[in-house]
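# Summary of structural features
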Amino acid sequence: MIARRSGGDPPLSFELPSGPGTYILVLMVFWESVIEVGALGEQTFEPGFWLYCGSALGPGGLAARVAHHARFAERPRWHIDYLRFAGTPAEVWYARSEESLECGWSGILSGIREVTRGPLGFGSSDCGCSSHLFHVDRLDIFEEFSRLATGVERVEAVRPDG
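Here the structure is a predicted model, which means the values were calculated and not measured.

So, how was this worked out
- Residues numbered from 1 in each chain as written.
- Predicted model: local features only at pLDDT ≥ 70, side-chain atom pairs only at ≥ 80, totals over all residues.
- Heavy atoms only, no water.
- Helix = DSSP H or I, 4+ residues; strand = E, 2+ residues; numbered from the N terminus.
- Buried < 20%, exposed > 50% of the residue type's maximum accessible area, 1.4 Å probe, protein only.
- Polar contact = N/O pair within 3.5 Å; in protein donor to acceptor, adjacent residues only side chain to side chain.
- Core = buried A, V, L, I, M, F, W, Y, C linked by side-chain atoms within 4.5 Å.
- Contact = heavy atoms within 4.5 Å.

Okay, the environment of Asp140 next. Structurally, Asp140 is set in the loop between strand S9 (133–136) and helix H4 (142–148). Judged by its relative accessible area of 42%, Asp140 falls in the partly exposed class. Spatially, the C-alpha atom of Asp140 lies 30 Å from that of Pro76, the residues being 64 residues apart in sequence. Of note is the side chain of Asp140, whose polar atom sits 3.2 Å from the side chain of Arg138.

The nonpolar side chains of a soluble globular protein tend to be buried, and buried together. Formed by 25 residues in total, the largest nonpolar core has its most connected members in Phe14, Leu16, Tyr23, Phe45, Leu83, Val92 and Phe122. Breaking this core down by element, the ones donating at least two residues are strand S2 (12–15), strand S3 (21–29), strand S6 (48–56), helix H1 (61–70), helix H2 (79–83) and strand S7 (87–96). Leu83 has contacts with Leu27, Val29, Ile35, Phe45, Trp50, Phe122 and Leu133, leaving out every residue within four places of it along the chain. Listed in part, the 21 residues of the second largest apolar core include Val26, Met28, Ile141 and Ala149.

Set out below in structure tokens:
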């Protein structure tokens, strides 16, 4: 199934399965952005790559959830919906799973030296994690992450112009 984004930016898509799983949405933020993030209040996001850990266990699975994140939400529901106003989806790291792996994946990211934690409580208001959002300057950490979180696949955004 294809997750698509529409809106002010050129459309893009991700080839993802429609079944359940856990994902990391990789957003590229090009300039420092100050955003009001729901109950978390005003947050500053530095340029670079922001990695958001989430799960998609409901109807439509990974493809439907990423399709939601790939477009601008008229009424933001999740913390990541707010960050989408400043960040462009670049790729998705995912694993098919009937159970949520996002807390474990957040722990793995926290242990990688080049990774810094995002705002406290971001995406983690329903668990005990400090955050489900992380910042990196380069995406070469995927290799280390995928060694520690087995079964992870990587898909880049596909733009119509190639």
